[in-house]
Amino acid sequence: MMLPPVSPMPAEHTSTPAALFPDYVRLSRSATPTHPPFDGKIKAKWQKAARKKGFTIVDRVKDRLHVALLCHDCGCTHVKRVNVVLGHNPECPHCIRHQRIEHARTLGAVLLGRDPKNRHYGFYHLSCGHQVRRQFHRVALAADGGHGLGCEPCREERYRSQANKFGWDLLGPASSGKPGYRSYRHTCGQTQDIMVGNMLWGDCACSGCSLGRTAQPSHIYLFVIDLPGRPVLKLGYSARPAKRLKHQLGIDKGITTEVLRVVNLPSGHDARAEEERAHRTLTAQFPDSVVAKAEYGDAINVTREIYRPEAAPFIHRLLDEIEARFPGTGDLHPHIAA
């Protein structure tokens with residue numbers, strides 16, 4: 001059935017013919033059966049407000065509160081509440097969609113449609129052949145040269161290619177879940193998490209076969225530092241814990257300190273990973289045990305990893321669990337790791 005012509009756009013407004021936009025259809029009230037006409041006059045002040053904002057009210061629809069607006073730019077019709085026309089700046093959904101299509105075209109992509117679960121996101125087909133979900137405003141920024149649109153599958157393949165140059169294979173996301181890291185397998189079979197930026201330059205040592213620092217045996221330590229009126233615990237990792245305590249923490253020589261426990265681990269990589277896991281557990285389950293830098297100031301030249309003495313039993317349990325994950329290691333006498 002032929003649709004009746006849409007009311008002409010007023011001469012005082014410039015218009016872009018809808019024929020320029022093949023993605024759209026010029027609509028009339030008969031083309032929107034979900035919004036049937038509503039009997040009633042179009043008030044002059046409504047029409048004046050609409051024209052001032054780039055629209056013409058072509059009919060009243062749905063109920064007494066809604067009108068059909070003809071956009072002067074694209075020539076398409078959509079429905080708005082009267083109060084939006086009077087008190088706000090209505091936006092044409094067809095123009096918005098066309099703008100989003102143009103943003104995608106600028107980047108060599110095709111807008112497939114809006115995410116039905118979130119109106120701020122859309123699905124795009126990229127020139128590389130992959131499909132991605134992106135925020136509309138991020139695509140607009142990319143089209144304006146603010147940043148690249150990006151493609152996760154292509155990015156991961158690029159990471160894999162970079163890793164292959166240095167004898168590594170990309171396995172997937174980091175086992176630790178840390179952003180900026182990935183899980184890799186070395187040619188010797190060793191797997192470990194490595195920062196993507198380090199892999200870019202090959203600045204990474206295999207903890208299984210490398211003779212580098214992170215491949216050497218290391219230790220997780222627990223110190224007690226008897227600050228005046230405020231004793232604290234320090235949990236960390238080091239190849240030489242005793243030296244760390246006596247010469248690297250900047251503790252005044254008059255302060256009593258003690259190495260409570262040292263757990264041996266096969267490599268510095270393992271020690272760092274286990275230490276970070278322990279800190280995450282402590283801060284998540286015992287946030288009140290964390291001592292802020294402001295409490296001890298310059299008495300210890302670190303900014304974190306300091307805990308209250310009440311956390312000692314739980315820290316020892318964490319160290320027991322670490323030993324269980326690395327059988328045959330166990331505690332060392334403090335002077336061995338000096």
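Residues numbered from 1 in each chain as written. Predicted model: local features only at pLDDT ≥ 70, side-chain atom pairs only at ≥ 80, totals over all residues. Heavy atoms only, no water.

Asker: Break down the layout of surface pockets for me, with residues and values.
Answerer: By volume, the largest pocket amounts to about 460 Å³. Lys80, Glu91, Pro93, Ile96, Arg97, Arg100, Leu111, Gly113, Arg114, Arg119, His120 and Phe136 are the residues that line the largest pocket. Of all elements in the fold, only α3 (93-106) and β4 (110-114) reach the threshold of two or more residues within the lining of the largest pocket. Residue contributions to the lining of the largest pocket peak at four residues, all from α3. The class makeup of the residues in the lining of the largest pocket is four nonpolar, two polar and six charged. (1 Å grid on protein atoms, 1.4 Å probe; cavity = no way out; pocket = protein on both sides within 12 Å on 5 of 7 lines; lining within 4 Å. Points joined across faces, edges and corners; volume = space filled by probe spheres on them. Helix = DSSP H or I, 4+ residues; strand = E, 2+ residues; numbered from the N terminus. Nonpolar A, V, L, I, M, F, W, Y, C, P; charged D, E, K, R; others polar.)

Asker: Pulling in residues and values, what's your account of α3?
Answerer: A rise of 1.5 Å per residue sets the reference length of α3, with its 14 residues, at 20 Å; its end C-alpha atoms lie 20 Å apart and thus fit the reference within 8%. Summarising the contacts, the buried residues of α3 are in contact with β3 (77-81), β4, β5 (121-125) and α4 (136-143). A positive phi of about 75° marks Gly108, the residue just after α3. (Expected span 1.5 Å × (residues − 1). Contact = heavy atoms within 4.5 Å.)

Asker: Pulling in residues and values, what's your account of the pairing of strand β2 (residues 66-71)?
Answerer: Of all six residues that make up β2, six are buried, and the element is covered over most of its length. Judged by which residues are buried, β2 turns out to be covered on both faces: His66, Ala68 and Leu70 on one side and Val67, Leu69 and Cys71 on the other are all buried. Two elements, strand β1 (residues 55-61) and β2, share six bridges in a ladder whose sense is antiparallel. Its bridge partner being in β2, Phe55 is matched across the sheet by Cys71. Examined bridge by bridge, β2 and β3 share five bridges and lie antiparallel to one another. The partner of Leu69 across the bridge, within β3, is His78. From the end of β2 to the start of β3, which pair antiparallel, there are five residues, and Gly75 there has a positive phi angle of about 80°. (Buried < 20%, exposed > 50% of the residue type's maximum accessible area, 1.4 Å probe, protein only. Pairing = 2+ DSSP bridges.)

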